[in-house]
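Each chain, written out:
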Amino acid sequence: MARDADDERFLGGIGARARRAPLGAQAALLRRDLALVHTDAITGSVMVGTGETYIAAFALALGLGDIVSGIVTTGPLLAGAVLQLVSPFGVRRLGSHRRWVVLCAALQAASFAPLVLAALVGRLSAAGLLAIATFYWAAGLAAGAAWNTWVGTLVPKSLRSRFFARRSRVGQLAVLAGLLLGGAILHFGESGERHLLAFAVLFAIAGISRVGSVFLLARQSEPDPLVEPEPLSPGAAPLARIPGMRRLLAYLLTLQVGVQISASYFTGYMLGEGALHLGYGAYMLLIATSFVSKILALPALGHFAARRGARALLRIAGLSVVGLPALWTGSHDYRWLLAIQLLSGVAWGAHELATFLLFFDAIRPEERTQILTRYNLANALAMGLGASLGALLLKRLGVDFAGYAVVFWISAAGRAATLPLLAWLPDARVSAPPPALSVLAARPSAGSIDDPVLAERPDSPLERPAQPSDSPALG
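Novice: If you had to explain the nonpolar core to someone new, which residues and values would you point to?
Specialist: Core analysis: the largest hydrophobic core is formed by 69 residues, its most contacted members being Tyr54, Phe58, Leu115, Phe199, Phe203, Met270 and Trp328. Among the elements that line this core, the one with the most residues is helix α15 (residues 280-308), at eight residues. In contact with Phe58, not counting residues within four places along its chain, are Leu115, Ala118, Ala119, Leu129, Leu196, Phe199 and Phe203. Counting 32 residues, the second-largest nonpolar core is a separate cluster that includes Leu248, Phe304, Ala310 and Leu353.

Novice: Give a detailed account of unusual backbone geometry, specifying residues and quantitative values.
Specialist: Most peptide bonds take the trans configuration, and most residues that are not glycine carry a negative phi. Positive phi outside glycine occurs at His277, with the angle close to 55°. With respect to the element layout, His277 can be found in the loop between α14 (266-271) and α15. The exposure class of His277 is partly exposed, given its relative accessible area of 44%.

Novice: Describe a nonpolar patch on the surface, and please don't skip the residues or the numbers.
Specialist: Nonpolar side chains collect at one region of the surface, where Leu117, Leu120, Val121, Leu197 and Val201 lie side by side and expose about 440 Å² of accessible area between them. The set of elements that each furnish at least two residues to the nonpolar patch consists of α9 (112-121) and α12 (195-219). Sorting elements by how many residues they give to the nonpolar patch places α9 first, with three residues. Mapped onto the secondary structure, Val121 falls in helix α9. We classify Val121 as partly exposed; its relative accessible area is 45%.

Novice: Help me get a handle on the packing of helix α8 (residues 97-110) against helix α10 (residues 126-154), residues and values and all.
Specialist: Relative to each other, α8 and α10 sit at 155°, their axes nearing to 8 Å. When the axis of α8 is compared with that of α10, the two are roughly antiparallel. Both α8 and α10 take part in a crossing whose hand is left-handed. Residue-level contacts link His97, Arg98, Trp100, Val101, Cys104, Leu107 and Gln108 of α8 to Phe135, Tyr136, Ala139, Gly140, Ala142, Ala143, Ala146, Trp147, Thr149 and Trp150 of α10. Considering only residue class, the contact of α8 with α10 consists of twelve nonpolar, four polar and one charged.

Novice: Which residues make up the side chain of Thr53, and what values do they have?
Specialist: Here Thr53 is to be found in the loop between α3 (23-50) and α4 (55-61). Owing to a relative accessible area of 3%, Thr53 belongs among the buried residues under this scheme. The contact partners of Thr53, leaving out residues within four places of it in the chain, are Val48, Leu179, Tyr283, Ile287 and Ala442.

Novice: Quick one: what's the story with the packing of helix α11 (residues 157-191) against α15, residue by residue and with numbers?
Specialist: Describing two packed helices takes the angle between their axes plus the distance from one axis to the other. Orientation of α11 relative to α15, taken along the N-to-C sense of each, is 170°, at an axis distance of 8 Å. In terms of orientation, α11 lies roughly antiparallel with respect to α15. The residues of α15 that touch α11, namely those facing Gln172, Val175, Leu176, Leu179, Leu180, Gly183, Leu186, His187 and Glu190, are Tyr280, Gly281, Met284, Ile287, Ala288, Phe291, Val292, Ile295 and Leu298. Of the residues belonging to the contact of α11 with α15, the class tally is 13 nonpolar, four polar and one charged.

Novice: Provide a residue-level description of the environment of Arg169, including the pertinent values.
Specialist: Its place among the elements puts Arg169 in helix α11. Expressed as a C-alpha distance, the spacing of Arg169 and Ser438, which sit 269 residues apart in the sequence, is 9.4 Å.

Cut-offs and rules
- Residues numbered from 1 in each chain as written.
- Predicted model: local features only at pLDDT ≥ 70, side-chain atom pairs only at ≥ 80, totals over all residues.
- Heavy atoms only, no water.
- Core = buried A, V, L, I, M, F, W, Y, C linked by side-chain atoms within 4.5 Å.
- Buried < 20%, exposed > 50% of the residue type's maximum accessible area, 1.4 Å probe, protein only.
- Helix = DSSP H or I, 4+ residues; strand = E, 2+ residues; numbered from the N terminus.
- Contact = heavy atoms within 4.5 Å.
- Patch = residues over 30% accessible without salt bridge, like charges linked within 9 Å, V, L, I, M, F, W, Y side chains within 5 Å.
- Areas by Shrake-Rupley, 256 points an atom, 1.4 Å probe, with all protein chains shown as cover.
- Salt bridge = Lys/Arg side-chain N within 4 Å of Asp/Glu carboxyl O.
- Axes fitted to C-alpha atoms, helices over the stretch in contact; angles between N-to-C directions.
- Parallel < 35°, antiparallel > 145°, perpendicular 65-115°, else oblique.
- Left-handed = near helix turned anticlockwise from the far one by under 90°.
- Nonpolar A, V, L, I, M, F, W, Y, C, P; charged D, E, K, R; others polar.

Put into structure tokens, the structure is as follows:
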């Protein structure tokens, strides 16, 4: 009897359809699904840490140049954001969110095969590398919304907040482990003059990790194959018409343009011949420093937002990120660069958290998936515009220290120009934990690119935990 009572509590929120089966069997199925969802965070995050993170460095190793190395971090992301719009059609065509997610994950795993081959052969055109990276991002982003809808049918509401917070922390640790492993492999390959072979090993590990993720996803159950996210209600206003949101959008998108003028080219600045010319180990440590400082700062940033509001946090973050690229021109001392990365991780962590909180406060739960998908596309367009401006500047100025310095200062000026938009922004008082995040990419310029787990966010005060809990980012 005690066991049945425990199972009843464990299964709270699953629904009447699930309870038609014996409670013990349903509890066992739920435990298995939760374990698979949790483990999938590890395999997918290892892929991020060992794979996409080092594609820009791979472009430099192939001799494609600093500008291609920068464009490959933003151009494919923009193309992927456009191609992800086919996701609803794909789900309907396959008749299942799980089938669509598994297919997209398998295609993303397959994108590493040509990278391994190119590393072994020692050559790949710029167009070929951009096409592969676009394929990677399109497959990954196309799975995102469908996975959020699907996982919302797997994890009971009573478990979501704590479960996804733990999953987020484990995923962040797995990304860090992948970063360290990748840096170590490239460092040993560099010392033995087999750096392209090291890249082949790295991309093979990333591909195998994603294949493992495919198997984990395929084994998870699917209570409602074609469950639809809530459609936008007839009276729902576009995001830009939500009170105060137009100014927030203007700030975020113009800031992204200013940021990407320099952010896309930090890999070339660090590894290229014309500037710092660091080794792979030092490069990895700089990325990891920003990533770790962001992770460690998030709990304190969440408490600050709860006390002072998300708008105050965003204002501090906005001031902090302005001068980051200019700091890189102050000294070549490695200790100075590490200090910048520590600051960068905290600043970008604050910016990202405040942005998510403001969005979640302004958007109704049933509208989040569709509205955030539209915003992500606009954000990717802003990133592409900024990266294109940076590429034009570098091509005109030259890819040496002087050229990079001008680009970094122009980026800082562009960021500073957005500060007046911070004066009148909507605010959000935080009474629930920050949203759990999935890491999409680790970047030398901002710690990481993250995506909120929409299925986790509490939808109403009745679904929120009684007490807020702690949640687990160069220039």
